[in-house]
Amino acid sequence: PTRRSSDLRLRLARQARGYSQQQLAGMAGVTRQAISAVESGLSDPSLRAALGLAQALGMSVEELFGPYAPVPAITARSVAPLSGQGDRVTLASVGDGFVVLPLQGATTTRCGFLPAGGLADEAGTAFQVRPIGPPRPTLVTAGCDPALPLLGHPLGLLDPPIALSWWPCSSREALRLAADGLVHVAGAHLRGRDGGYNTGPAAELLPQGGEVIGFCSWREGLVLRPELADGISSVGDVARRGLRLVNREPGAEARSVLDRELAEHGIDPAQLPGYGTCATGHLEVTAAITAQLADAGIASEPAALAYGLAFLPLTTEHFDLVIPAGQDGSREVQSLLKILTSRWLLDQIASLPGYDPARCGEHIATFTPAHGSRPP
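Throughout what follows, the structure given in this document is the object of discussion. These numbers come from a predicted model, not from an experiment.

## A look at the packing of aromatic side chains
Line of reasoning, step 1. Applying the stated criterion across every chain yields a total of two aromatic pairs.
Line of reasoning, step 2. Geometrically, the ring pair formed by Phe215 and Phe319 is edge-to-face, given 6.2 Å between the ring centres and 65° between the ring planes. Of this pair, Phe215 sits in strand β9 (residues 210-224) while Phe319 sits in strand β12 (residues 310-324), and the two are 104 residues apart along the sequence. A single burial state applies to Phe215 and to Phe319, both of which are buried.
Line of reasoning, step 3. The ring of Tyr275 carries Arg255 above its face, with NZ or CZ at 5.0 Å from the centroid.

## Focus: the pairing of strand β2 (residues 88-94)
Line of reasoning, step 1. Of all the seven residues making up β2, five are buried; the element is thus mostly covered by neighbouring parts of the structure.
Line of reasoning, step 2. In this structure, β2 lies alongside strand β4 (residues 118-120), joined through two bridges in antiparallel fashion. Along β4, the bridge assignment pairs Arg88 with Leu119.
Line of reasoning, step 3. Here six bridges tie β2 to strand β3 (residues 97-102), and the two strands are oriented antiparallel to one another. When the sheet's bridge partners are listed, Ser93 is paired in β3 with Phe98.

## Section: helix α2 (residues 21-28)
Given 3.6 residues per helical turn, the α-helix brings residues three or four places apart onto the same face.
Line of reasoning, step 1. When α2 is considered as a whole, its buried residues turn out to be Gln21, Leu24, Ala25 and Ala28. Along α2, the residues classed as buried sweep out an arc of 105° about the axis, all on the same side. α2 presents Gln22 and Gly26 as exposed residues on the side facing more than 90 degrees away from its buried surface.
Line of reasoning, step 2. Where α2 ends, the next residue or the one after it, Gly29, has phi of about 75°, a positive value.

## Structural notes on the pattern of salt bridges
Line of reasoning, step 1. Counted under the stated rule, the structure contains 14 salt bridges.
Line of reasoning, step 2. Here Arg240 and Asp237 are joined by a salt bridge, their closest N and O atoms 2.9 Å apart. Pair noted here: Arg240 and Asp237 are both in helix α9 (residues 235-240), with a separation of three residues, about one helical turn.
Line of reasoning, step 3. The class for Arg240 is exposed, based on a relative accessible area of 61%.
Line of reasoning, step 4. Salt bridges linked by common partners bring Arg225, Glu227, Arg244 and Asp295 together as one network.

## A closer look at the side chain of Gln327
Line of reasoning, step 1. Here Gln327 is to be found in the loop between β12 and α13 (331-339).
Line of reasoning, step 2. For Gln327, a relative accessible area of 9% gives the class buried.
Line of reasoning, step 3. Ignoring any residue separated from it by four or fewer positions in sequence, one finds Gln327 in contact with Val94, Gly95, Val183, His184 and Val333.

Rules and cut-offs
Along each chain, residues carry numbers from 1 onward, in the same order as the chain's sequence is written. Predicted model: local features are reported for residues with pLDDT of at least 70 only, side-chain atom pairs are reported and counted for 80 or more only, and whole-chain, interface and lining totals are derived from all residues. As a rule here, side-chain values cover all heavy atoms of the structure and leave hydrogens and water aside. Pairing of aromatic rings covers Phe, Tyr and the six-membered ring of Trp, with a centre-to-centre limit of 6.5 Å; geometry is then stacked below 30 degrees between planes, edge-to-face above 60, and tilted otherwise. Only DSSP runs of H or I covering at least 4 residues are called helices, and only runs of E covering at least 2 are called strands; the numbering of each starts at the N terminus. Partly exposed residues are those whose accessible area sits between 20% and 50% of the maximum for their type, while under 20% is buried and over 50% is exposed, using a 1.4 Å probe and protein chains only. Any Lys NZ or Arg CZ found within 6 Å of a ring centre and within 35 degrees of that ring's normal is scored as a charge over the ring. Pairing between strands is defined by DSSP: at least two bridges between the two strands are required. Directions pointing from the helix axis toward each C-beta atom define the arc. Definition used for salt bridges: Asp or Glu carboxyl oxygen within 4 Å of a side-chain nitrogen of Lys or Arg. What makes two residues a contact is simply this: any of their non-hydrogen atoms within 4.5 Å.

Purely geometric stuff here, so don't read any function into it on its own.
Put into C-alpha cells, the structure is as follows:
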C-alpha cells in the first residue's frame, strides 16, 4: 500500500517524544501491533485508537491524522552565525530549548547532501526556524575527530532511535559550545598545564562542571607529501626548506602542537609560509596536502594514513567526550553512554589505522566548579 502522510506523522511524533512503540501503546491503551500497522500504512486506526494516541502524544486527532499542515516555526539558537533567510540547518533539542547546526561548508555533505531539519527565517544566532517535519531526538556533539560520526549507526538502532548531529570544530570551540548549552557533548584533546589531557581544560572552560568519558587515542604529528619527506625530522626542517604549511584554526590542539614545536626551534611563525591558513579538521589538513595546496601540516596519524601521506609523530593524544553538568541525565546522553562500549563501535574504531579504542566508554573524571576534578 501507498504510505500516507498521517502514517509517517505518527512515527515522527512518537520518535520526537522519545517513545518506543511499546511505550506509546501502553500510554494510549492500544497494542504495539496496532501502532506498527498504522505506521507502516497497513491499516487505519479506529476512533478509540486515534483518540488514545493523540492524547498520549499531546496532539489533537486532526493534527495527528488529519490533512497535512505546515509545522509552525520555533525559536532556536545556532552554534555558528547564519548567512540569511532560507539557510538549511540541522535542528535538535538541547536542554530546554532548540539548537541548529548550519548545513554549510564542511558540514554540508558527508559525500552527499545531508537532510535538513528546518529552514532558518533570518540571519544571526537566535531566530525562528521552520521545521521540516517534527524534530527528532538528536545527540548534538562537537569536536574535530572524524571518528565521531561512527556514533550515528548504533544510536540509530536504539528503540526509540537517536539521531546524531556533528559540528566539526576545534577542541576549545567544542567546549565553548558545551558551556553555552548548544551541544550535549564536546569532543576534546587539549593538553592541560599539568601535561595531562582534557580534564583540566574542561574544568577551566565549563564553569558548570561535568564528566569526562574516554573515546580513543591516536598520535598527532607532522604530515607531509611522501616525496617531500626525505630529510625531514622536525618542524624546524620544514621551516628551513621553506615548505608551505596548512594550519589549524585557533583553539585547536594541533595548532598548539605546532606553536610549541616552533618555539622549541626558535622559529618566528610569521616567517613560515602558510602559517595564517586555517583548516577545520584533521582530514581537511590532509586533503589540502594531497591536493598539493600545501606541503605539510599538523594532523592525526589516522588522517595521514587515510590519505597515504608521510607521518612524523610528535605526541600521543587522548580524545575524550566531555559531558556538561545538566546534560548527563538527558535521553540523548544516556543513549550515548549505552552505545560507547558496544562491540560494533569498538570494532569500527579499532578498524581505523592509527586508532586505539581501549578507553572508549571509560569514566575518566568528574569535575565540579568548586572542587576541580576527581577520578572515578
